Amino acid sequence: MKKIYFITAIMSLLTVGCTSIDKDDNDIKFSKTFKLQHIFHDDVLLKDPQIAVSDSFIILATTYKDEQSSVCNIYSTHDGVKHVCTYGDINSGPKDFRQPVLTFANGNTFGLNDINERTLALLHIEKDKNGKHNVIENYRLKAPLNRSKEEFIPLDTRYIPINNGEYYVSALFMDKDRCFTLSDNLLTPIQRFGESPISEELDGMVIRNRLNGFMATYDNKLFYATMDLPYISSYKLDGDKMVKLWSKFYKTPYYMISNGDVKFDKDKSMGPLKDMCVDSQYIYMLYMNQLLSEYDTYDTEKSASNTIYVFKHDGEPVACLDLDCRLRKLAIDPKQHKLYGIAQLPDYSLVEFKLPEELYK
């Protein structure tokens, strides 16, 4: 008879700053729940857009190409979310993109990681002498392809800066002890690091498929949360090495290992996680608070989330945000204390929420 592993959320010997979990149901208990109402921005958005927020701008990017759209659309947060410019094309030219992923925004700079080309374009939004906004490509980093004959090393993806761009962290998911890569500012690998939430040995392809998730950085810290397991961890840059700070399960995961693969008990497991971002104080996690068996990609009510879990940087639960519409992606504007998201109403639309003042007192 196959055994299902019930993993407790308390990892006291391995974690720092984690909150204890109620042993009766093993679920995080938030002391506060805030109900938020959205403001709808009636703009035509890109198909299946990605979103990031800088100090002054909302950046929306897509991997889909049509005659009317560019890779990026830029909106000003200081001018009623006004559309100010576009940038980029999906093509095969030297300045074009093939499969762009919007990985970060910081100040007026944002990054587009072209997975197929192993490049990271660093882009800057500026205003010319006529008051018109433009996107300028500062430079495009290209990751070296160094592979030994004895070992297959998958391509790194989703490069995000850490420690003010002195280094970059990327997703690798090579094996259970090498989930990420720390690279220098030229994308040359320095360290493979990161522990799997599952202690059992798994095939590399299984790790990449089952343990995939979301990364976010702030200052010299990395936060990582898996998509299908209720797991979150944190690492810190110490010199030129990443060291683990803490990790935990915030809900009870139900899974089994069969033939080197991870099988979920979908009638007991909750999720999945849809997106994650951080600011100077909190981790925001867009979580599908429902059974995996109910998930339906083609049904907005069953594939988008109206629940955001808020944690402190040390993993302590802070609050649950109950939204009045369902989101697929989210981004935080910490200076104006606003949350922006991509909702499907029924088309992809940009919505805005005012974050509770109590969080920032």
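From a predicted model like this one, the values you see are computed outputs, not experimental measurements.

A. Examining the side chain of Ser305 more closely. As for its placement among the helices and strands, Ser305 is situated in strand 24 (residues 305–312). On the basis of relative accessible area, Ser305 is assigned to the buried category, the value being 1%. At a separation of 2.5 Å, a polar atom in the side chain of Ser305 contacts the main-chain carbonyl oxygen of Tyr287. Separated by 3.0 Å, the side chain of Ser305 and the backbone nitrogen of Thr307 make a polar contact. Not counting the four nearest positions on each side in its chain, Ser305 is found in contact with Lys274, Leu286, Tyr287, Met288, Cys325, Arg326 and Leu327.

B. Broad picture of the sheet that holds strand 12 (residues 157–162). The sheet built from 4 strands is open, its strands ordered 12-13-14-15 with antiparallel pairing. Strands with a single pairing partner mark the edges of an open sheet, and in this sheet they are strand 12 and strand 15 (189–193). Neighbour-to-neighbour, the strand axes of the sheet open up by a mean angle of 30 degrees, direction not taken into account. In terms of strand pairing, strand 13 (residues 167–175) meets strand 14 (residues 178–184) through 6 bridges, oriented antiparallel.

C. Structural context of the packing of aromatic side chains. In total, this model carries 16 aromatic pairs according to the counting rule given. Between Phe30 and Tyr309 the ring centres are 5.0 Å apart and the planes differ by 35 degrees, which places this aromatic pair in the tilted class. Residue Phe30 is located in the loop between strand 1 (5–6) and strand 2 (33–36), and its partner Tyr309 is located in strand 24; the two are separated by 279 residues in the primary sequence. Following the ring pairs from residue to residue traces out a cluster consisting of Phe173, Phe180, Phe193, Tyr224, Tyr231, Tyr235 and Phe249.

D. Spatial organisation of the state of the cysteines. In this structure the tally under the stated criterion is 0 disulfides. Cys85 carries a free sulfur, and the closest cysteine sulfur to it, the one in Cys72, is 9.0 Å from it. Residue classification places Cys85 among the buried residues on the basis of a relative accessible area of 8%.

E. Inspection of the nonpolar core at higher detail. Grouped together as the largest cluster of nonpolar side chains are 36 residues, with contacts concentrated most on Val169, Phe180 and Leu222. Looking at which element gives the most residues to this core, the answer is strand 13, with 5 residues. Those residues within four positions of Val169 in sequence are excluded, and the remaining contacts are Arg158, Tyr159, Ile160, Ile162, Phe180, Thr181, Leu182, Phe193, Met215 and Leu222. Counting 23 residues, the second largest nonpolar core, distinct from the first, contains Leu36, Ile308, Cys325 and Tyr360.

F. Structural view of the side chain of His41. With respect to the helices and strands, the residue His41 is situated in strand 3 (residues 39–41). Judged by relative accessible area, His41 falls into the buried class, the value being 12%. One polar contact links His41 to Glu352, side chain to side chain, over a distance of 2.8 Å. Ignoring any residue separated from it by four or fewer positions in sequence, one finds His41 in contact with Gly80, Val81, Leu350, Val351 and Glu352.

G. Region of interest: the confidence of the model for the protein chain. Model confidence for the protein chain is summarised by a mean pLDDT of 87, while 89% of its residues fall at 70 or above. Confidence drops under pLDDT 50 across residues 1–24; counting only partners more than four residues distant or on other chains, this segment forms 52 contacts.

H. Highlighting the pattern of salt bridges. Scanning the entire structure with this criterion turns up 15 salt bridges. Residue Lys335 pairs with Asp55 through a salt bridge whose shortest N-O separation is 3.7 Å. With Lys335 in the loop between strand 25 (317–333) and strand 26 (338–344) and Asp55 in the loop between strand 4 (50–53) and strand 5 (57–61), this pair connects stretches of sequence that are 280 residues apart. Linked by salt bridges that have partners in common, Lys95, Glu137 and Arg140 make up one network.

I. Spotlight on the pairing of strand 6 (residues 72–76). Among the 5 residues that make up strand 6, 5 are buried, leaving the element largely enclosed by the rest of the structure. Neither face of strand 6 is exposed, since Cys72, Ile74 and Ser76 on one face and Asn73 and Tyr75 on the opposite face are all buried. Direction of pairing for strand 5 relative to strand 6: antiparallel, over a ladder of 5 bridges. Following the sheet pairing, Leu60 is matched in strand 6 by Asn73. Summarising the sheet, strand 6 and strand 7 (residues 82–87) pair through 5 bridges and their orientation is antiparallel. Bridging across to strand 7, Ile74 finds its partner in Cys85.

Criteria and thresholds
- Residues numbered from 1 in each chain as written.
- Predicted model: local features only at pLDDT ≥ 70, side-chain atom pairs only at ≥ 80, totals over all residues.
- Heavy atoms only, no water.
- Helix = DSSP H or I, 4+ residues; strand = E, 2+ residues; numbered from the N terminus.
- Buried < 20%, exposed > 50% of the residue type's maximum accessible area, 1.4 Å probe, protein only.
- Polar contact = N/O pair within 3.5 Å; in protein donor to acceptor, adjacent residues only side chain to side chain.
- Contact = heavy atoms within 4.5 Å.
- Pairing = 2+ DSSP bridges.
- Axes fitted to C-alpha atoms, helices over the stretch in contact; angles between N-to-C directions.
- Phe/Tyr/Trp six-rings, centres within 6.5 Å; stacked < 30°, edge-to-face > 60°.
- Disulfide = S-S within 2.5 Å.
- Core = buried A, V, L, I, M, F, W, Y, C linked by side-chain atoms within 4.5 Å.
- pLDDT = per-residue confidence, 0-100.
- Salt bridge = Lys/Arg side-chain N within 4 Å of Asp/Glu carboxyl O.

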